[in-house]
Amino acid sequence: MTLISFVVPAYRVQGYLRECLDSILAQPVTDIEVIGVDDCSPDASGDILDEYAARDGRVRAVRLDRNLGLGPARNAGLDRAVGEYVWFVDGDDWLVPDCLVEVAERLHTTRPDVLLVDHVRAHWDDTVTGSAMAEVFPEPTGPVTFRLRERPETLELLHTAWNRLVRRQFLAEVGLRFAPGWYEDVSFSYPVLLAADRVGVLDTVCVNYRQRRAGAITKTQGERHFEVFEQWHRVFREADRFDAGQLRAALFERMMWHYLTVLGNEDRIPAELRPTFFARVTIDHARFRPPGGHRIPAGVEGLKHRLVAAGQWRTYSALRATSRTGEKARRAAGRVKRRVVPPAKATVRAARDVALYGYHRAELRRPLDENLAVYAAYWYRGYACNPAAIYEAARQLAPEIRGVWIVRRDRVHTLPEGIEYVVAGTPAYHRVLARAKWLINNVNFPDSVRKRPGSVHVQTHHGTPVKVMGLDQQRYPLGAEGMDFTGLLRRVDRWDYSITANSFSTQMWERAYPAAYTTLEVGYPRNDRLVTATTQEVLRLRAELGAGLGEQVVLYAPTHREHLPGYRPPFDPERVLDAIGPSGLLLMRSHYFHDRDRRAWPPAGRDRIIDVSAHPQVEELYLAADVLVTDYSSAMFDYAVLDRPIVIYAPDWDAYRLTRGVYFDLLAEPPGPVARTFPELLDVLRAGLSDSVAADHTRARFRERFCALEDGQAAQRVVRRVFLGDISG
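Residues numbered from 1 in each chain as written. Predicted model: local features only at pLDDT ≥ 70, side-chain atom pairs only at ≥ 80, totals over all residues. Heavy atoms only, no water.

**Regarding the pairing of strand S14 (residues 456-459)**
Just so we agree on the cut-off: Burial classes follow relative accessibility: with a 1.4 Å probe on protein chains only, a residue under 20% of its type's maximum area counts as buried, one over 50% as exposed, and anything between as partly exposed. What counts as a helix is a DSSP run of H or I of at least four residues, what counts as a strand is a run of E of at least two, and both are numbered from the N terminus. Pairing between strands requires that DSSP locate at least two bridges from one strand to the other. Think of it like this: strands point away, you trace from the first strand over the helix to the second, and a clockwise trace means the crossover is right-handed.
Residues Val456 and Val458 point to one face of S14 and His457 and Gln459 to the other, with burial holding for every one of them. Where strand S13 (residues 436-441) lies against S14, four bridges are found, and the strand directions are parallel. Counterpart to asparagine 441 in the pairing with S14 is glutamine 459. Alignment of S14 against strand S15 (residues 497-500), held across two bridges, turns out to be parallel. What sits directly across from glutamine 459, in S15, is serine 498. In this region the chain leaves S14, passes through helix H16 (residues 485-492) and returns to the parallel neighbour S15; the handedness of that crossover is right-handed.

Written as structure tokens, this is what we have:
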């Protein structure tokens, strides 16, 4: 018999769902099943569940034909469960590795109706805070079970569905299911404890409770938070059914704690609704107050209870305002203590920066230029990537929008003729950044750039991610040395649009960069050229590189290792050229981070080896190449648009995966043959394995997942949506 049925509801959790499912399926206990319930999610959550179900027989995917909400979605999973126990795990949380060993042992030895497990709150800044488990049970209960009336303090544990496993037959016998609406955990979790004859507690941390920066209902203001009242009313109806008279006082205390917690959270109750919410609390206080009395907390919390009982909203509100003012004053005092006295003597450069900053501030007070768009790419390295493709499309579809590029002084010479530009750091630079309505970049603009009301920031990104990015890098400190994650989030909060090439990128960016932007999953504008290029253009580009008909052009383009400055994968270009054959041409391109390193590649000893690191348009190199050799670079996703052979050369995969972090197993889902050593790479090239039936099949699967949107129209879709306001599709 299956021991545990995991029910995983999924609604708008595409960025987190894979981590959740992986954390369950990787547990060393195998007698489990996972029932993933797509609650008619508008994102790719349902597709992810289907994907996992297709490759793991323990997973079943359920698709609801309309959005029912978290409670009914859990019920749909419960109806299909066959396990002895059911564990409702939310799709944005994840299990601690190997925790299921202790869970399974406790289930087997004590056979509880309900087993409560410990958790931590996993915050978006990679910090964790513990639960109340140690406070509620200073002495661990051990492998015993009890009834709630024997340990009423159990009610003080967090009232969620995911921190408890429930015996499925017990649920059927007592007829408990989830109610619809918000706060559905309340009217399930407390009645489950009231009805159980055998409650167990395992003080092992099993669940990482994700504290999302954006998108959680606990951070969504609105009147739906009033649904908490009906959920608590249901709790007291169930308390009557289960004859829990002596526990009513404890339930009442917990209800009041919960109501005041919700009322005090500005992320939930808007200011204009707080008096009404308070009045509802006062009504329920009178309705459910135990005849025999109840404990009133000490101090300020006790005063709040008395004010609720008396219906004194104005006094309650004034008390709350006083408390918040005091807290702000304490934080301000702490900032003063930490303030560093600036140096007395400023340098000439600092004085110039101050003057430019003042000029920038003055320009910010002038009106936005409704017809000015500023473009930038790769930290002002020049005219390239998605911004360049969008610029070209805007010239055709929105010619009234004036486009100006920002470029470093040492890269001005790389700009195509006729491109209007400003040099980074000059007064003209500060002027256009302050006044442009449209700001398009494939990286973030500097912190000094302000997000003005009415301005539109478009983050195009510059690749489908293999390596972890954004907030996810906090888990890999060697690859994130020196990163300011707080500053990163300030920059992300400026985004209005995030351009993605595929559903996978959308999922990862949502997790790595949580904010309120709108995702445009339209394909990558820079790849339009790969789709629309003609045979004549390809032949011209090959001829410019010295490649004639019948010659095999191999492009080698490794990525940068942030955690290993100066590292170069073991690669002997002359031996590679020999492996390609006498008609071969080897193009070598370093990462753009090395654009100022004149020794990016050592001088080649043969004329059939060309360093193309300085070539301004990588898309032209893709078009000219017959084969791409890369490692963990996003180049593989772009080159796959051409449906030409790709070889993955990953000599340091194990170290890279553990140190830098990756989003998917490249060795398990590659776009072509994989070589782990340099001799293996030579064997692949000699044998022509990159162009075989097996390689074609592997590449087709890769293209289906990552290149389905690349039809040559991505830039036009961006321009129509962003500049012209067309939301038709």
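**Side note on the pairing of strand S1 (residues 4-10)**
Among the seven residues that make up S1, seven are buried, leaving the element largely enclosed by the rest of the structure. Where burial is concerned, the two faces of S1 agree: the one with Ile4, Phe6, Val8 and Ala10 and the one with Ser5, Val7 and Pro9 are both buried. Judged from the four bridges that link them, S1 and strand S4 (residues 85-88) form a sheet pairing that is parallel. Among the inter-strand pairings, phenylalanine 6 is bridged to a residue of S4, identified as tryptophan 87. With seven bridges joining them, S1 and strand S2 (residues 32-38) adopt parallel strand pairing. Bridged to serine 5 within S2 is glutamate 33. Between the parallel pair S1 and S2, the chain is carried across by helix H1 (residues 17-25), and the sense of this crossover is right-handed.

**Here we look at the packing of helix H7 (residues 186-195) against helix H8 (residues 227-241)**
Our working rule: Fitted lines through C-alpha atoms serve as axes, helices being fitted only where they are in contact, and the angles separating the N-to-C directions of these axes extend from 0 to 180 degrees. Note on angle classes: values under 35 degrees are labelled roughly parallel, values over 145 roughly antiparallel, values of 65 to 115 roughly perpendicular, and the remainder oblique. Throughout, a crossing is termed right-handed when the near helix is turned clockwise from the far one, and left-handed when it is turned anticlockwise from it by less than a right angle. Should any heavy atoms of two residues lie within 4.5 Å, those residues are counted as being in contact. Polar here means any residue outside two lists: the nonpolar Ala, Val, Leu, Ile, Met, Phe, Trp, Tyr, Cys and Pro, and the charged Asp, Glu, Lys and Arg; Gly therefore counts as polar.
Running from amino to carboxyl end, H7 crosses H8 at an angle of 20°, the nearest separation of the two axes being 8 Å. In terms of their interaxial angle, H7 and H8 are classed as roughly parallel. The handedness of the crossing between H7 and H8 is right-handed. When H7 is examined against H8, the residues Val186, Ser187, Tyr190, Pro191 and Leu194 are found in contact with a partner set consisting of Gln231, Trp232, Arg234, Val235, Glu238 and Ala239. Looking at the contact of H7 with H8 residue by residue, the class counts come to seven nonpolar, two polar and two charged.

**A word on the sheet that holds strand S10 (residues 369-376)**
With parallel pairing, seven strands are arranged side by side in an open sheet as S12-S11-S10-S13-S14-S15-S16. Edge positions in the sheet fall to strand S12 (421-423) and strand S16 (518-521), since each of these pairs with one other strand and no more. Adjacent strand axes in the sheet meet at a mean angle of 25° when their direction is disregarded. Pairing geometry for strand S11 (residues 402-407) and S12, over three bridges, is parallel. Bridge pairing in S12 places isoleucine 406 opposite valine 422. Sheet strands in contact with helix H15 (residues 427-435) are S10, S11, S12 and S13, and its direction is about 105° off that of S13. Of the strands in this sheet, S15 and S16 touch helix H17 (residues 503-512), which is tilted by about 140° from S15.

**A look at the environment of leucine 263**
Mapped onto the secondary structure, leucine 263 falls in helix H9 (residues 248-263). In the structure, leucine 263 is positioned 18 residues away from valine 281 in sequence and 9.2 Å away in space, judged by C-alpha atoms. If we skip the residues at most four places from it in the chain, leucine 263 touches Ile269, Arg274, Phe277, Phe278 and Tyr316.

**A look at the sheet that holds strand S21 (residues 646-649)**
Picture the strands of a sheet paired through backbone hydrogen bonds; they go either parallel or antiparallel. Read from one edge to the other, the open sheet built from six strands follows the order S19-S18-S17-S20-S21-S22, with strand pairing classed as parallel. For this open sheet the edge positions go to strand S19 (609-611) and strand S22 (674-675), each flanked by a neighbour on one side alone. Bridging between strand S20 (residues 627-630) and S21 involves three bridges; their strand directions are parallel. The residue bridging threonine 630 from the neighbouring strand is isoleucine 648, located in S21. Across the sheet, helix H20 (residues 573-580) lies against strand S17 (552-557), strand S18 (584-588) and S19, angled at about 145° from S18, the strand it touches most. Packing against the sheet, helix H24 (residues 678-687) makes contact with S20, S21 and S22, and its axis sits at approximately 170° to S21.

**A closer look at the side chain of lysine 437**
As a reminder of what qualifies: The definition of a polar contact used here is a pair of N or O atoms within 3.5 Å, where within protein one atom must be able to donate a hydrogen and the other to accept one, and adjacent residues in sequence count solely through side-chain atom pairs.
Here lysine 437 shows up in strand S13. Polar side-chain contacts of lysine 437 include one of 3.0 Å to the side chain of glutamate 370.

**Re the packing of H8 against H9**
One can describe the packing of H8 onto H9 by two numbers: an axis separation of 11 Å at closest approach and a directional angle of 175°. If you check the angle between H8 and H9, you find them roughly antiparallel. Every residue of H9 that contacts H8 at Val228, Phe229, Trp232, His233, Val235, Phe236, Ala239 and Asp240 is listed here: Arg248, Leu251, Phe252, Arg254, Met255, His258 and Tyr259. The residue inventory of the contact of H8 with H9, partitioned by class, reads 10 nonpolar, two polar and three charged.

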